[in-house]
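# Architecture at a glance
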Amino acid sequence: MAQLVTIVGPLASGKGTVAHAVADRLAAQGRTSVVADVDDVAAMVAGRGAGASGLWPAAHAAHGALVAGWLATEADVVLAVGNVYDADERRALAASLPPATPVLRVVLDAPLAVTWARAVDDPARGLSRERGFHERAHARFRALLPTIPADLVLDTATLSPERCADAVLTRLTRLTTLTGPVERGQAAAEEPR
């Protein structure tokens, strides 16, 4: 079975960028990886979108099924990316997973000023460039952060996507079985070597 890596964080924290940097490094090692982003699943909802249509819970469930489907293939690593913060969102991801799926849980973090500047500078972004939405989403992440399980916490305001990818790969290489989340203080202090 493939190794599952979940990458969560606030809007514009670099989740997709870090996931693709990890995928590139795995490809250079001859390993196959899949990046499955909940935003891509939500983007499948035409018209008003998943949020305005009340379909975010369904998007999370579909994302979980997609991740489970990729885990059942010959892929070496599946990178599940997105705003999977609260217990319901985590259950939607886990519901379709095979029992005892090995998981490396990565949380990316960055202050609001940093994520807002990134969002404004990226013309491809949609709703996350709306100031009020961005602030509310960031506040939600910040409020739920203490409850989000993490094996590795990385500050993308101070670490480049490449250094974050290196840290994920280092932890992934060392991970043989999931023993539970490390203390948040230890994870936040850890930097790639």
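The paragraphs below set out a description of the structure included in this document. (Residues numbered from 1 in each chain as written. Predicted model: local features only at pLDDT ≥ 70, side-chain atom pairs only at ≥ 80, totals over all residues. Heavy atoms only, no water.)

### Looking at the packing of helix H4 (residues 56-71) against helix H5 (residues 87-94)
Applied cut-off: Note on geometry: axes are lines fitted to C-alpha atoms, helical ones only across the stretch in contact, with angles between N-to-C directions running from 0 to 180 degrees. Only DSSP runs of H or I covering at least 4 residues are called helices, and only runs of E covering at least 2 are called strands; the numbering of each starts at the N terminus. Crossings are assigned a handedness: left-handed for a near helix turned anticlockwise from the far helix by less than a right angle, right-handed for a clockwise turn. Throughout, a residue-residue contact means that at least one pair of heavy atoms, one from each residue, lies within 4.5 Å. Note on residue classes: Ala, Val, Leu, Ile, Met, Phe, Trp, Tyr, Cys and Pro are nonpolar, Asp, Glu, Lys and Arg are charged, and everything else, Gly too, is polar.
In contact at an axis separation of 7 Å, H4 and H5 are set at 35° when each is read in the N-to-C sense. Seen along the crossing, H4 lies across H5 with a hand that is right-handed. Judged by residue contacts, His60, Ala61, His63, Gly64 and Val67 of H4 engage Glu89, Ala92 and Leu93 from H5. Residue composition of the contact of H4 with H5, grouped by class: 4 nonpolar, 3 polar and 1 charged.

### Here we look at helix H8 (residues 161-174)
This is how the line gets drawn: Expected helix span is taken as 1.5 Å per residue step, with the number of steps being one fewer than the number of residues. Note on classification: 1.4 Å probe, protein chains only; a residue is buried when its accessible area is under 20% of the maximum for its type, exposed when over 50%, partly exposed between these limits.
An ideal rise of 1.5 Å per residue puts 20 Å on 14 residues; H8 measures up with 20 Å between its terminal C-alpha atoms. Looking only at H8, the buried set comprises Cys164, Ala165, Ala167, Val168, Leu169, Arg171 and Leu172. At its buried positions, H8 is contacted by strand S1 (3-8), helix H1 (15-28), strand S3 (77-81), strand S4 (103-109) and strand S5 (152-155).

### Looking at the sheet that holds S4
Put simply, the rule is: Strand pairing is assigned whenever DSSP detects at least two bridges linking the two strands.
Taking strand neighbours across the sheet as the criterion, the 5 strands line up as S2-S3-S1-S4-S5 in an open arrangement whose pairing is parallel. The sheet terminates laterally at strand S2 (33-37) and S5, the two strands that pair on one side only. Neighbouring strand axes in the sheet, compared pairwise and without regard to direction, differ in orientation by 20° on average. Pairing analysis gives 5 bridges linking S1 to S3, with the strands arranged parallel. Bridge pairing in S3 places Gln3 opposite Val77. Contacting S1, S2, S3 and S4, H1 runs over the sheet at an angle of about 170° to S3. Sheet strands in contact with H4 are S1, S2 and S3, and its direction is about 170° off that of S3.

### Considerations on the pattern of salt bridges
The criterion, for reference: What makes a salt bridge here is a side-chain nitrogen of Lys or Arg within 4 Å of a carboxyl oxygen of Asp or Glu, nothing more.
Taken as a whole, this structure holds 8 salt bridges when the rule is applied. Two residues, Arg140 and Asp86, come together in a salt bridge whose shortest N-O distance is 2.8 Å. In this pair, Arg140 sits in helix H7 (residues 131-144) while Asp86 sits in the loop between S3 and H5, placing the two residues 54 residues apart along the sequence. Residue Arg140 is classed as partly exposed on the basis of its relative accessible area of 31%. For Glu89, the salt bridge is made with Arg140, and the minimal N-O distance between the two is 2.8 Å. Placement of Glu89 in helix H5 and of Arg140 in helix H7 is noted, with a sequence separation of 51 residues between them. Residues joined in a network through salt bridges with shared partners are Asp86, Glu89 and Arg140.

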